[in-house]
Each structure stands twice: as structure tokens, then as C-alpha cells.
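Breakdown of the fold
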Amino acid sequence: MLNESTKKLIEELTKKLEASKESISSSFGEILVLLIEKLQLSQDKEFVFLLAGRTGVGKSSTVNSLLGQQIATVGKYDPTTMDVQEYEHEINGVKCSIIDTPGLCDEIPEKGNNEKYIELIQRQVKQIDLLWFVTRLDESRVDGSEKQGIQIISEAFTPTVWEHSVIVFTRANNADDYLEELAERTKRIRNEIAKHTGNEIANKIPAVAVDNKSQTTPDGKRWLEELYTQVFIRMTERGAIPFLMATASRINKSQSNKNSKEPNWNFYNKSESQNEADSESEFNVNDFIFTKFQKEEIKKKIIEVIPALAIAGAGVGATIGGPVGAAIGGVIGATIGSIFYFLS
Ligand SMILES: Nc1nc2c(ncn2[C@@H]2O[C@H](COP(=O)(O)OP(=O)(O)O)[C@@H](O)[C@H]2O)c(=O)[nH]1
Ligand SMILES: [Mg+2]
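Predicted, not measured: the structure shown is a model, and the values here were computed from it.

Right, let's talk about the pattern of salt bridges for a bit. Opposite charge on two side chains permits pairing when their charged atoms draw close. For the structure shown, the criterion picks out twelve salt bridges. Shared partners join several salt bridges into a network, and the residues in it are Arg54, Arg136, Asp138, Glu139, Asp143 and Glu146.

Right, here's the structure in full:
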């Protein structure tokens, strides 16, 4: 499946590495081949998000923030009936599907007609890689429509759908007492979900507070990377690699420019990285700056999805990930760069 030039490249890289002082597994070339093959296969796969939450809470805005593009229309719907709307997109050549559920968590005339909606969902939604339950942080109760939405979701799929879900709180900067409200609201929503799943599943659902109008939450921390991390680690194995591929060109950009100890992996759009290096003070929504802990969490998930990478140790990533990614190029090269960035 690999073309000749890629094969040659891997041979050369493996030789170089073996000649260098780095202690590197001799099977590194094999791992790389396996990785490239896996990514090639994933290129035609897609990841599917299902968005649940009242109209206007910020579902579309949050997905757009995460994916770095205006993928979903913001502030457009005023649902009068329950509907399932699927939007197909392509990001860096990788397909993604965003399923919106207007009415699901809303006060609408049709409310109470759960059977019909469950049927509609079952007919239209074949697979979910990540379920988003989105709600505002600056509201204290779980309202009746949200409870109804949680119930419909649990029945339409099975309660185990919540094993691949995140709770997202929007408008974090509108909260009066951020940390207290975050803890309290998380507890309440998990309790509501637990009615269908039991505590075991519900208490593991991560909650992420975001604010689509700001880089940070009231504690001064950046939320985008936390959202990325939780979305990635909760995603089905099927969706994880396509998601990584779709976002790879935005991983490690700012880190590599700011931290001279790490190799500069400018294997993506050159002019773009050039611009960034020139104007480093400007916040760019496309920049991810992961913490050590977030990198560690993502690494665990990557190894879960591609177990062969477990033996590609720390030093390897820092030494070779960038150059290999750069040499291979394209979305596969960018993804390899990202993977080794997280592994290092
Ligand atoms: N202040 C603030 N406004 C937000 C936030 N998220 C979304 N909005 C605004 O809320 C409105 C509805 O957002 P939208 O993403 O369309 O909500 P959706 O109906 O759940 O998809 C828009 O005017 C957004 O700009 C947020 O985190 N903070
Ligand atoms: Mg929307």
C-alpha cells in the first residue's frame, strides 16, 4: 500500500536513527509503516458528533471553536418541531458529520411526543462517535426539556451512548461563582443522566466549561485544549483517528514556535506558520497550547487506539516525529507529527 518513495524514506530514516546515539527500537520503521497504513485507511472514515442541548445554549459556537472553522450556523434556529439534521463537512480532507437535534431539549408544542422522536433518531442516526450535552453554566437548574432530552437520548440509543459523551457548559464567564457553579451543575446533570445509566457511567462523564467569547474561563485557564482533550479521549475508537487527522495541522504550531528546545515542525502550510512566527502576540483561535497533563491524557488514548505505538518511546517522538511528518507531508504527515508530539 505504501508507495516506493515513502518506503525508501522510512528505510533512510530508520538507518539514520540507528546510526545516531538515540536508543531507538529497531522496529521503528515497522511501526511507522503500520502507522501510515492505519492513517491511510482512516482517511476515508469520518467522525460523527451528535449535539444535544437547548436552542441558543451555544452548541454550534462550541463546535466551531473546537474545529477552528465556521462549520455550524450560529444562532439561526427557532424550533417548532423536533428534528434531526445532519450536516456533512470535510476538514483537511477528512469527513465529519455534525448531527443537530433542534427541539430535543426545547419547550415546543410537540413536547411529550417522545416515541415519535425516538423513532426519528433511530431511523436517521446510524452511529455516534461523540455525544455532546451542552448547557449554560449561568443557569442553575436542569430544566424539564433538558431532562426530556436526556431521556430520549438514553432510550433512542442505549444508555451506554453516554460512555462516549461530554458535558459542555457554555458562558462560563457569566457565572457568579465559577468553581462552585461548575461543581454543582456537573453533579446535577450527572444525577439526571444517572437515572438512565446508573452512577458508574454518569459519574465518569467529563464536564468542560467554555466561553466562546473568550480564550479563558474565570479561573484564567484556557478552555479550548481542555475541550479538545476531553472530546478526544471520550470519542469512540472509530472516530478518534479521523478527528486527530482533521485537526492535526493545528497541533503543536505555537508550541514549536515558542519553545526552542522542541523541533520546529512546520510541516503544514508554510506561509501560515511563517505569519505566526512573525506575530506571536496575537491570539489565534487555531493555536492549541496543551498542558503536560492534557498531552499525557491524549497520549494514553492514542496508544489505546494504536497499541503498536506503546513501544515508540519518549525520545523517539521528539527526535523523529517532526522530520518524518514533514517528509511525508499532507494530512498524513501532519498527523504523524502530531502523534509523536503527544507521545514525546
Ligand atoms: N457570551 C457567550 N455567548 C455565547 C457563547 N456561546 C454561544 N454564544 C452566543 O449564543 C448565541 C447562540 O449560539 P449558538 O451556537 O447558535 O447556539 P445553539 O443554538 O446551541 O447552536 C449566539 O449569539 C452566540 O454568539 C458563550 O460561551 N458565551
Ligand atoms: Mg446551533
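After presenting the structure, the write-up continues.
What follows covers the packing of aromatic side chains. Scanning the entire structure with this criterion turns up 13 aromatic pairs. Pairing Phe47 with Phe243 gives two aromatic rings, centres 5.5 Å apart and planes at 90°, and the pair type is edge-to-face. Taken together, the residues span a long stretch of sequence, with Phe47 in strand S1 (residues 46-52) and Phe243 in helix H9 (residues 237-247) at a distance of 196 residues. In this pair, the class of Phe47 matches that of Phe243, namely buried. Through a chain of ring-to-ring contacts, the aromatic side chains of Phe47, Phe49, Trp132, Tyr228, Phe232, Phe243, Phe288, Phe290, Tyr341 and Phe342 assemble into a single cluster. The ring of Tyr341 is capped by Lys295, whose NZ or CZ atom sits 4.2 Å from the centre of that ring.

Attention now moves to the site of ligand 1. Contacts to ligand 1 come from 15 residues, most closely from Gly56, Ser61, Gly75, Arg171 and Asn212. Between ligand 1 and Ser60 there is a distance of 2.9 Å, counted from an oxygen atom to a side-chain nitrogen or oxygen. Considering ligand 1 on its own, with 580 Å² of exposed area, one finds that the protein chains cover 82% of that surface. Among the elements that line the shell around ligand 1, the one with the most residues is helix H3 (residues 59-67), at three residues. Classifying every residue of the shell around ligand 1 by side-chain character gives two nonpolar, eight polar and five charged.

At a minimum axis separation of 9 Å, helix H8 (residues 224-234) and H9 run at an interaxial angle of 150°. Overall, the two elements H8 and H9 adopt an arrangement that is roughly antiparallel. Note on packing geometry: the crossing formed by H8 with H9 is left-handed. Residues Tyr228, Val231 and Phe232 of H8 form the contact with H9, whose participating residues are Ala240, Phe243, Leu244 and Thr247. Its residues placed into classes, the contact of H8 with H9 shows six nonpolar, one polar and no charged.

What follows covers the pairing of strand S2 (residues 85-91). Relative to strand S3 (residues 94-100), S2 runs antiparallel, the two being bridged by seven bridges. Bridging across to S3, Glu88 finds its partner in Ser97. Linkage of S2 to S3, two consecutive antiparallel strands, is achieved through a turn of two residues, within which Asn92 is found at a positive phi near 50°.

Turning our attention to the nonpolar core. Within the largest apolar cluster, 56 residues are counted, with the highest numbers of intra-cluster contacts made by Phe49, Trp132, Tyr228 and Phe243. Sort the elements by how many residues they give to this core and helix H14 (residues 330-343) lands first, with eight residues. Counting the residues that make up this core, at least three belong to each of domain 1 (4-42 + 241-343) and domain 2 (46-235). Every residue in contact with Trp132, bar those within four places of it in the chain, is listed here: Phe49, Leu50, Leu51, Ala52, Thr62, Val63, Leu66, Val166, Val168, Leu227 and Val231.

A few words now on the confidence of the model for the protein. Per-residue pLDDT for the protein averages 84, and the proportion of residues at 70 or more is 83%. In this model, residues 254-284 is a region of pLDDT below 50 whose contacts with residues beyond four sequence positions or in other chains number 50 contacts.

What counts and what doesn't
- Residues numbered from 1 in each chain as written.
- Chains lettered and ligands numbered in written order.
- Predicted model: local features only at pLDDT ≥ 70, side-chain atom pairs only at ≥ 80, totals over all residues.
- Heavy atoms only, no water.
- Salt bridge = Lys/Arg side-chain N within 4 Å of Asp/Glu carboxyl O.
- Phe/Tyr/Trp six-rings, centres within 6.5 Å; stacked < 30°, edge-to-face > 60°.
- Helix = DSSP H or I, 4+ residues; strand = E, 2+ residues; numbered from the N terminus.
- Buried < 20%, exposed > 50% of the residue type's maximum accessible area, 1.4 Å probe, protein only.
- Lys NZ or Arg CZ within 6 Å of the ring centre and 35° of its normal.
- Near = heavy atom within 4 Å.
- Polar contact = N/O pair within 3.5 Å; in protein donor to acceptor, adjacent residues only side chain to side chain.
- Areas by Shrake-Rupley, 256 points an atom, 1.4 Å probe, with all protein chains shown as cover.
- Nonpolar A, V, L, I, M, F, W, Y, C, P; charged D, E, K, R; others polar.
- Axes fitted to C-alpha atoms, helices over the stretch in contact; angles between N-to-C directions.
- Parallel < 35°, antiparallel > 145°, perpendicular 65-115°, else oblique.
- Left-handed = near helix turned anticlockwise from the far one by under 90°.
- Contact = heavy atoms within 4.5 Å.
- Pairing = 2+ DSSP bridges.
- Core = buried A, V, L, I, M, F, W, Y, C linked by side-chain atoms within 4.5 Å.
- Domains from an automatic or database assignment.
- pLDDT = per-residue confidence, 0-100.

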